[in-house]
Amino acid sequence: MITRTLTVALVGNPNTGKSTLFNALTGLRQHVGNYPGVTVEKKSGTARVGEMDLRVIDLPGTYSLAPRSPDEMVSVDLLLGHVKGEGRPDVVISLVDATNLERHLYLTTQLMDLGMPVVLAVNLVDLASKHKLVIDFPQLERKLGIPVVPIQANRGIGLEALKAAVARSAETSPGPEGVPFPEPFRHEVEALGKSLGGEVEPFLLERVLLDIGGYTEKQLAGRFGDALPTRVAEARSRLAATGCPVPAVEAKTRYAWIRQAVAGCVTRPGQRVVTWGDRLDRVFTHKVWGTLIFLVLMFAVFEAIFVFAKPLMDLIDSGRGWLADGLRANMESGPLRSLLSDGVIKGVGAVLVFLPQIMILFAVIAVLEDCGYMARAAFLMDKLMSKCGLNGKSFIPLLSSVACAVPGIMATRVIENRRDRLATILVAPLMSCSARLPLYMLLIGTFLSDPWWLPGLALFGMYMIGFVTAPLVALVLKRTLLRGETPVFVMEMPAFKVPQLRAVLRRTVDAGWAFVYRAGTLILASMVVIWALLYFPSTMSDGRSYDVVTEELREQADKASGEEKEAKDREANELYGEWKRQSALGQVGQSLEPVFRPLGWDWKIGMSALASFPAREVIVGTLGIVYNQGEVDAKEVLERGEAEGEPSAGSRLGKTIQDEWSNDPRMGKYRVPVALSLLVFFALCCQCASTLAVIRRETRSWAWPAFTFAYMTTLAYLGALVTFQVGRWIVG
Amino acid sequence: MPTLDQVIAGRPCRIESVSGPATLVQRLLELGVMAGEDVTVVNKAPLGDPIEIECALTRLSLRKSEAAHVQVTLSD
């Protein structure tokens, strides 16, 4: 038996249940990839009908096939068979919403112009009957001239009929007739086609004429030269003179045809039925209640990322610690053991530790989007966000970035406009994330703990730095690098519905997997590089290995007790510190001291800051090593208040730093400005390989992560410089 | 002629014309916001902008600057 594979493209408006249908058709047989050069994800999967395989390609939701950007052009290119390595689909499924047929059929009529078989899948027929809409499907099929199948994607009803219709139409019809445009327009399309040597499909010729400032024109101008735009402009003015002005002629022609086709097929109730969704909408967008619900919801989102993720993150962290300890116990000390336990396991842990936050945020976003609330949130926040050149949809990504920029940046996918999305991505790392907290707590607890109100104020100030800087940078970016006309912010407010558990789970898992798969390797690599820079050279002046000797000292300390134990521990910590200070990174830190001097830092602070570039939370650990306290765990700093009696590792480190800085002839007097300058540096600097890896993944370019790193490091340096110099001047 | 951004919430109107930047006009036309259609401002955001409209069974959020390009007459 020979199985044949048909390629089927799935096209529809946003919020029509397209993902639901795609999941229902393909089940778990899905594959997510990329189209070359654009940020659009390519989702495909297989479905079976009889002896035939259907390869279903899920195209991004769109209201129209009028491409305005390379991302939107992908759909058109794919439908015309212009995507390399991808054949032309055999059939298109046009998915429409039964409750609003006319508007959805607009896209269908565009698909009918492609010259390929189109099957109409009418979704949400259950909802339509609730709205008391009666649709005569056989009649609609006759009028439209394409197969029409009523379905309920969320319940899997009508899918067999749909698949059968797809298989049938691939064999029989060469494609529907399409909507007849007025004579002058057809004439212009023909003339333009001839002038381009008959190489361009009629569909693209139509688009070139209809889409003023559209992407088709740009693409064809690249192929046929500058004469094309002039010719197109002339054609458009001729069309305007004959009563077919562009772009209005398209909507007029299509909607007139659709109305005529739908008339007699759809019976509406005299009075529009007021649904529970309408009532909900009124509440959710209400001045007082809407705002209140929004604030409560956002607080819940934020808490979910912060609080629910914590136990899971702790679990991953202790799993990592357990593995590293096991390795330590079972291997000889030396470079390999250190690479595995301090490089690889730490690196893998650093990747996995983000998963809880990413997956929780995406579950929340999937629910909010699926039920239709996302558009309401954007509606409420748009005015505020537009003041800094962004739009309402930037709010949730930026808010999430206060927990962690990595899921925040991934969440920017909801922003359609490319420049708005980029601006949001580029400023998201400025929001103070939770990884900055250990250093904030250490320094504020040590240097700014008196009077009682100062620590709270200082911490609030650290967060304010992000809240103020991010919008300002966004504004500057939108006026310079990302300048362009204000994008259209016409957004559909979809009807409320109950979110689908399956869809939510799927998006959550997809997001987590995408992060591990695409960003994980880069994060791991950067962790290993920093490990190597801190490990080598590892030979002491007497030829022995630092690694081996410190390990011996620690073992001796473990066996000893009382004063002897303390002495051995101190000796081990001192030797460990000496090792790291003479390591490659330590040497770089010392040679860069002139660079750090204007910030008030000595080379020890500088070296610790350098070591924290892959992941800022390691600063506390590195400071511990450099100041001979052993590797202090960031968690111990956060929990320092809880330890009773015995001083915790965190407060011991704080005290050591305070003593060292106070005794330093240069820093002594200015230790508070030094602490402030370090705080400001960490608030503004992009010390996070994961963030950069995710920016690279989301923008599909190395340029944007490089730019983010450069601008944030510059900003951080300047911020720290001003802070220290002003502080020094105030201290006197 | 009044424009959509000036209409109070709940007052039914009829669209007379849609003008302005080509991208905006095209997007509105695609969504069925075109001359001859009935339109109602349903709601305004807490800060007065954007506004929510209902037109041809579709609910849309429009910035006031965008709604200012939609000319309407008040229906009775």
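Residues numbered from 1 in each chain as written. Chains lettered and ligands numbered in written order. Predicted model: local features only at pLDDT ≥ 70, side-chain atom pairs only at ≥ 80, totals over all residues.

**Q** Go over the overall build of chain A with me, naming the residues and quoting the values.
**A** The number of helices and strands found in chain A is 33 helices and ten strands. Based on the C-alpha atoms only, the size of chain A along its principal axes is roughly 95 × 60 × 55 Å. Within chain A, the fraction of its 732 residues that count as buried is 47%. For chain A, long-range pairs separated by at least 24 residues make up 71% of all intrachain contacts whose partners lie at least 6 apart in sequence. (Helix = DSSP H or I, 4+ residues; strand = E, 2+ residues; numbered from the N terminus. Buried ≥ 20, exposed ≤ 12 C-beta atoms within 10 Å, placed from the backbone. Contact = placed C-beta atoms within 7 Å.)

**Q** Explain the overall build of chain B to me, and be specific about the residues and the numbers.
**A** Helix and strand counts for chain B come out as two helices and five strands. Listing the helices and strands of chain B from first to last along the sequence gives β-α-β-β-β-α-β. For 76 residues, the compact-globule estimate of 2.2 N^0.38 gives 11 Å, and the C-alpha radius of gyration of chain B, at 11 Å, lies within 12% of that figure. If one aligns the C-alpha atoms of chain B with their principal axes, the spans along those axes are about 30 × 30 × 25 Å. Looking at chain B as a whole, 50% of its 76 residues qualify as buried. (Rg over C-alpha atoms; globule rule 2.2 N^0.38 Å.)

**Q** So what's going on with the packing of helix α9 (residues 215-224) of chain A against helix α10 (residues 227-241) of chain A? Which residues, and what values?
**A** Residue and element names in this part refer to chain A. Here α9 crosses α10 at 130 degrees, and the two axes come no closer than 8 Å. As the angle between them shows, α9 and α10 are arranged oblique. Contact with α9, carried on its side by E217, L220, A221 and F224, involves A227, L228, P229 and V232 of α10 and no other residues of that element. For the contact of α9 with α10, the per-class residue count stands at seven nonpolar, no polar and one charged. (Axes fitted to C-alpha atoms, helices over the stretch in contact; angles between N-to-C directions. Parallel < 35°, antiparallel > 145°, perpendicular 65-115°, else oblique. Nonpolar A, V, L, I, M, F, W, Y, C, P; charged D, E, K, R; others polar.)

**Q** Before we move on, can you summarise the interface of chain B and chain A with the specific residues and values?
**A** Taken together, the contacts link 28 residues of chain B with 30 residues of chain A. At the level of secondary structure, the elements contributing two or more residues to the side of chain B that touches chain A comprise α1 (22-30) and β4 (58-62) of chain B. Looking at which element gives the most residues to the side of chain B that touches chain A, the answer is α1(B), with nine residues. When grouped by side-chain class, the residues that make up the side of chain B that touches chain A number 15 nonpolar, six polar and seven charged. The pairing of strand β10 (residues 491-492) of chain A with β4(B) spans two bridges and is classified as antiparallel. Pairing of A:E492 across the sheet is with B:L60, part of β4(B). (Pairing = 2+ DSSP bridges.)

**Q** Give me the lowdown on α10(A), citing residues and values where you can.
**A** Since the α-helix packs 3.6 residues into each turn, any two residues three or four apart lie on the same face. Residue and element names in this part refer to chain A. Here α10 spans 22 Å end to end across 15 residues, near enough to the 21 Å set by a 1.5 Å rise per residue. As for α10, its buried residues are in contact with α7 (183-195), α8 (202-210), α9 and α11 (248-262). Directly beyond the C-terminal end of α10, a positive phi value near 85 degrees is found at G243. (Expected span 1.5 Å × (residues − 1).)

**Q** Tell me about the nonpolar core, and name the residues and values.
**A** Residue and element names in this part refer to chain A. In this structure, L10 and V166 are the most contacted members of the largest nonpolar core, which totals 230 residues. Among the elements that line this core, the one with the most residues is helix α22 (residues 501-535), at eleven residues. Each of domain 1 (4-171) and domain 2 (183-243) gives at least three residues to this core. Ignoring anything within four residues of it in the chain, the contact list for L10 reads K18, L21, F22, V56, I57, D58, L59, I93 and L95. (Core = buried A, V, L, I, M, F, W, Y, C linked by C-beta atoms within 7 Å. Domains from an automatic or database assignment.)

**Q** Describe the pairing of strand β1 (residues 4-12) of chain A, and please don't skip the residues or the numbers.
**A** Residues and elements named next belong to chain A. Where β1 and strand β4 (residues 52-58) come together, seven bridges link them in parallel fashion. Residue pairing in the sheet places T5 in a bridge with D53 of β4. Judged from the five bridges that link them, β1 and strand β5 (residues 91-97) form a sheet pairing that is parallel. Looking at the pairing, V8 lines up with V91 of β5.

**Q** Outline the pairing of β5(A), supporting the account with residue identities and numerical values.
**A** Residues and elements named next belong to chain A. In terms of residue burial, β5 counts as a mostly covered element, since seven of its seven residues are buried. Where burial is concerned, the two faces of β5 agree: the one with V91, I93, L95 and D97 and the one with V92, S94 and V96 are both buried. Strand direction decides the pairing type here: β5 and strand β6 (residues 118-123), joined by six bridges, are parallel. If you follow L95 over to β6, its bridge partner there is A121.

**Q** Run through the sheet that holds β10(A), naming residues and quoting values.
**A** Pairing is antiparallel across the open sheet formed by six strands, whose spatial order is β10(A)-β4(B)-β3(B)-β2(B)-β1(B)-β5(B). Edge positions in the sheet fall to β10 of chain A together with β5 (70-74) of chain B, since each has one partner strand and no second. Sheet topology places strand β3 (residues 51-55) of chain B next to β4(B); five bridges connect them, and they run antiparallel. The residue bridging B:I53 from the neighbouring strand is B:L60, located in β4(B).

**Q** Talk me through the sheet that holds β4(A); I want residue IDs and the actual numbers.
**A** Two strands in a sheet stick together by hydrogen bonds in their backbones, pointing the same way (parallel) or opposite ways (antiparallel). All names here are of chain A. With mixed pairing, seven strands are arranged side by side in an open sheet as β2-β3-β4-β1-β5-β6-β8. The open sheet has two free edges, formed respectively by β2 (30-34) and β8 (148-150), since each of these has just one partner strand. The sheet shows a mean angle of 25 degrees between the axes of neighbouring strands, taken without regard to direction. The sheet contacts of helix α3 (residues 101-112) involve β1, β5 and β6, and relative to β5 the element is tilted by about 165 degrees.

**Q** Break down the domain arrangement of chain A for me, citing the residues and quoting the values.
**A** Residue and element names in this part refer to chain A. One can read the domain layout of chain A as domain 1 (4-171) and domain 2 (183-243). The interface is formed by ten residues belonging to domain 1 together with ten residues belonging to domain 2. For the side of domain 1 that touches domain 2, a count of residues per class yields six nonpolar, one polar and three charged.

**Q** Talk me through helix α30 (residues 649-663) of chain A; I want residue IDs and the actual numbers.
**A** Residues and elements named next belong to chain A. For α30, spanning 15 residues, the distance from its first C-alpha to its last is 21 Å, which sits close to the expected 21 Å at 1.5 Å a residue. Listing the buried residues of α30 in full gives A649, G650, L653, G654, I657 and W661. For α30, the buried positions fall inside an angular range of 140 degrees around the axis, keeping them on one side. Exposed positions of α30 whose direction lies more than 90 degrees from the buried face are D659, S662 and N663. (Arc of directions from axis to C-beta.)

**Q** Can you tell me about unusual backbone geometry, naming the residues and giving the values?
**A** Here the bond from A:F536 into A:P537 is cis, since omega is -10 degrees, no more than 30 degrees from zero. For the bond from B:D49 to B:P50, the omega torsion is -5 degrees, close enough to zero to count as cis. Within the secondary structure layout, B:P50 lies in the loop between β2 (38-44) and β3. The backbone phi angle of A:L124 is positive, close to 60 degrees, even though this residue is not glycine. In this fold, A:L124 is placed in the loop between β6 and α4 (125-130). For A:L124, a count of 24 C-beta atoms within 10 Å gives the class buried. Here the phi dihedral of A:R700 falls at roughly 55 degrees; this positive angle occurs in a residue that is not glycine. With respect to the helices and strands, the residue A:R700 is situated in the loop between α32 (689-699) and α33 (703-731).

**Q** An account of the packing of α3(A) against α11(A) is requested, with residue identities and associated values reported.
**A** Residue and element names in this part refer to chain A. Running from N to C, α3 and α11 cross one another at 120 degrees; their axes reach a closest spacing of 9 Å. Taken as axis vectors, α3 and α11 run oblique relative to one another. Crossing of α3 over α11 shows right-handed handedness. In this structure, α3 contributes L101, E102, L105, Y106 and T109 to the contact, and α11 contributes R254, Y255, W257, I258, R259 and V262. Grouping the amino acids of the contact of α3 with α11 by side-chain chemistry returns seven nonpolar, one polar and three charged. (Left-handed = near helix turned anticlockwise from the far one by under 90°.)

**Q** Would you mind going over the environment of A:G17 in detail, with residue names and values included?
**A** Residues and elements named next belong to chain A. In this fold, G17 is placed in the loop between β1 and α1 (18-26). C-alpha separation for the pair G17 and V96, spaced 79 residues apart in sequence, amounts to 8.9 Å. Leaving out residues up to four positions away in the same chain, G17 has contacts with N123, L124, A153 and N154.

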